[in-house]
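These are the residues of each chain, in order.
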Amino acid sequence: MSFFGLGRPQPTSAEKIAAVENELKMMADMHNRMTRVCSAKCVDKTYRESDLAKGEAVCLDRCSAKFFDVHAKIFDQIQKETTERMAAAGGGGGGGGGFGM
């Protein structure tokens, strides 16, 4: 509980579990999309060899790096927008003022 009821309420255990489950689902979805997209782009469909060719391996490495980079940029942008919305909705709620102000 926050002092004098100010500040954000603390999430319950069920909310924490739901947040972790949601994050795991998002990560699994991102992994599946990355695997599907990068494999379709980089791996030869004739499967002439049992191992990846050097060009295929390099392509997969670059594709996955770009995928993670874009995912991180999108996540940062969403987090920034969410923080701005919360600050605008809450009026900034930063404190700093004393009693009687």
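Residues numbered from 1 in each chain as written. Predicted model: local features only at pLDDT ≥ 70, side-chain atom pairs only at ≥ 80, totals over all residues. Heavy atoms only, no water.

Colleague: Help me understand the pattern of salt bridges, please; the structure alone is not making it clear to me.
Modeller: Two side chains with opposite charge may pair up if their charged atoms get near one another. Here the structure, examined in full by the defined rule, presents four salt bridges. The residue Arg 33 makes a salt bridge to Asp 29 at a minimum N-O spacing of 3.1 Å. With Arg 33 and Asp 29 both in helix H1 (residues 13-42) and four residues apart, this pair spans about one turn of that helix. For Arg 33, a relative accessible area of 32% translates into the label partly exposed. For Glu 81, the salt bridge goes to Arg 85, with nearest N and O atoms at 3.8 Å. (Salt bridge = Lys/Arg side-chain N within 4 Å of Asp/Glu carboxyl O. Helix = DSSP H or I, 4+ residues; strand = E, 2+ residues; numbered from the N terminus. Buried < 20%, exposed > 50% of the residue type's maximum accessible area, 1.4 Å probe, protein only.)

Colleague: Explanation requested: helix H2 (residues 54-90) in the structure shown.
Modeller: The α-helix winds at 3.6 residues per turn, so residues separated by three or four positions along the chain end up facing the same way. The terminal C-alpha atoms of H2, which comprises 37 residues, lie 54 Å apart, in line with the 54 Å expected from a rise of 1.5 Å per residue. For H2, the complete set of buried residues consists of Glu 56, Cys 63, Ser 64 and Phe 67. (Expected span 1.5 Å × (residues − 1).)

Colleague: So what exactly am I meant to see when it comes to the nonpolar core here?
Modeller: A general feature of soluble globular proteins is that nonpolar side chains tend to end up buried together. In terms of nonpolar packing, the biggest core is built from six residues, these being Met 30, Met 34, Cys 38, Cys 42, Cys 63 and Phe 67. Going through the elements one at a time, H1 and H2 are the ones with two or more residues in this core. For this core, the element with the highest residue contribution is H1, accounting for four residues. Leave out the neighbours within four places in its chain, and Met 30 touches Phe 67, Phe 68 and His 71. (Core = buried A, V, L, I, M, F, W, Y, C linked by side-chain atoms within 4.5 Å. Contact = heavy atoms within 4.5 Å.)

Colleague: Just to check I follow, could you spell out the state of the cysteines for this structure?
Modeller: Simply put, the disulfide is a covalent bond whose two ends are the sulfur atoms of two cysteines. Applying the stated criterion across every chain yields a total of two disulfides. Covalent S-S linkage joins Cys 38 and Cys 63, the inter-sulfur distance amounting to 2.0 Å. Between Cys 38 and Cys 63 the disulfide shows an S-S torsion of about -85°. By sign, it is left-handed. Taken together, the residues span a long stretch of sequence, with Cys 38 in helix H1 and Cys 63 in helix H2 at a distance of 25 residues. Each member of the pair, Cys 38 as well as Cys 63, is classed as buried. At a sulfur-sulfur separation of 2.0 Å, the disulfide partner of Cys 42 is Cys 59. (Disulfide = S-S within 2.5 Å.)

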